[in-house]
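Here is how the chains run, residue by residue.
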Amino acid sequence: MSSSTNEDIFKEALKEPLGAPKQLRKILDDLSRDLTDFTRSICANVNLNSNIRVIPTLTRIIEHEVEVFNRRLIGDEAITIVYERIKKRKLIIYAWYDPERKTIFIYLRLSPDEFCLSLAHELIHHCQYTCHSEICKNICEYWLNVDEGREIRITTPYNLRPHEIEAYTKDEEFCKKIKEMKGFNEIINKIKDAEAKVKYILTLMDILNA
Ligand SMILES: [Zn+2]
Ligand SMILES: [Zn+2]
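Sequence order as written defines residue numbering, which begins from 1 separately in each chain. Here the convention is simple: chains get letters from A, ligands get numbers from 1, in the order in which they are written. This being a predicted model, a pLDDT of at least 70 is required before a residue's local features are given, and a value of 80 or more before pairs of side-chain atoms are given or counted; all residues contribute to the totals for chains, interfaces and linings.

**Q** Before we go on, may I ask you to explain the packing of helix α2 (residues 19–46) against helix α8 (residues 184–209) in this structure?
**A** In helix packing, the relevant descriptors are the interaxial angle and the interaxial distance, both defined with respect to the helix axes. The axes used here are C-alpha line fits, helices contributing only the stretch in contact, and every angle between their N-to-C directions lies in the interval 0 to 180 degrees. Where helices and strands are cited, they refer to DSSP runs of H or I of at least four residues and of E of at least two residues respectively, numbered from the N terminus. Interhelical geometry of α2 versus α8 gives an angle of 175° and a closest axis separation of 10 Å. It follows from the interaxial angle that α2 and α8 lie roughly antiparallel. Within the contact between the two elements, α2 uses Ala20, Gln23, Leu24, Ile27, Leu31, Asp34, Leu35 and Phe38 and α8 uses Ile187, Lys190, Ile191, Ala194, Lys197, Val198, Ile201 and Met205. Classifying every residue of the contact of α2 with α8 gives 12 nonpolar, one polar and three charged. Roughly parallel covers angles under 35 degrees, roughly antiparallel covers those over 145, roughly perpendicular covers 65 to 115, and oblique covers all other angles. The contact criterion used here is simple: two residues whose C-beta atoms, placed from the backbone, lie within 7 Å are in contact. All amino acids are sorted into three groups, where Ala, Val, Leu, Ile, Met, Phe, Trp, Tyr, Cys and Pro are nonpolar, Asp, Glu, Lys and Arg are charged, and the leftover types, Gly among them, are polar.

What follows is the structure, encoded as structure tokens:
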């Protein structure tokens, strides 16, 4: 009885113009907390800087699309591991790391493999920007700061950026490690739950708008 009443209240609240958008924000916020906790535990495990946040997105972020803001640069067809992965549409990175805010944005609707690889890739970038020593046990060897990152982004096509070549070279290996870490299956389930909640709200919106 009471649960159906709660559902009625919930459905009623969704009819407000901000009702559903606010619910979606809450789902992302809650999942962000869990993703951040899990990611910090990975950092503790492999000696990465634990000052990191992870935010799930409803928008489908693809790193090479966010980063390739300017085609027709000298060398944008140069064949590197980055170039090959993108051309073959294999092992795509559905996330993006903001070095200024030390924040990883990651697409919500990913398979466990896509999630793991994307997270591993962005954590390598986090390492490159924050580690600057040997303590990370080989997660990264190429170091840069925010200013250098900005410079490289302007001067050098994505496929020739040293930190990208390193991240594309090492992300599969690091992903394997992450999969074996405590909490991986739990976080996958939490992502699935969040995805189901999003779907539920969007379905209700369809019904309410019909
Ligand atoms: Zn390092
Ligand atoms: Zn990258």
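The structure having been displayed, the exposition proceeds.
**Q** Where do I start with the sheet that holds strand β1 (residues 53–57) in this structure?
**A** Within a sheet, adjacent strands bond to each other through the backbone by hydrogen bonds, running parallel or antiparallel. With mixed pairing, the three strands of this open sheet are ordered in space as β1-β3-β2. Where the open sheet ends on each side, the last strands, each with one partner, are β1 and β2 (95–98). For this sheet, the mean inter-axis angle between neighbouring strands, taken without regard to orientation, is 20°. Pairing analysis gives four bridges linking β2 to strand β3 (residues 103–107), with the strands arranged antiparallel. In the strand pairing of β3, tyrosine 97 is matched with isoleucine 104. The strands that helix α5 (residues 112–130) touches are β2 and β3; relative to β2, the one it contacts most, it runs at about 15°. Should DSSP find at least two bridges between two strands, the strands are regarded as paired.

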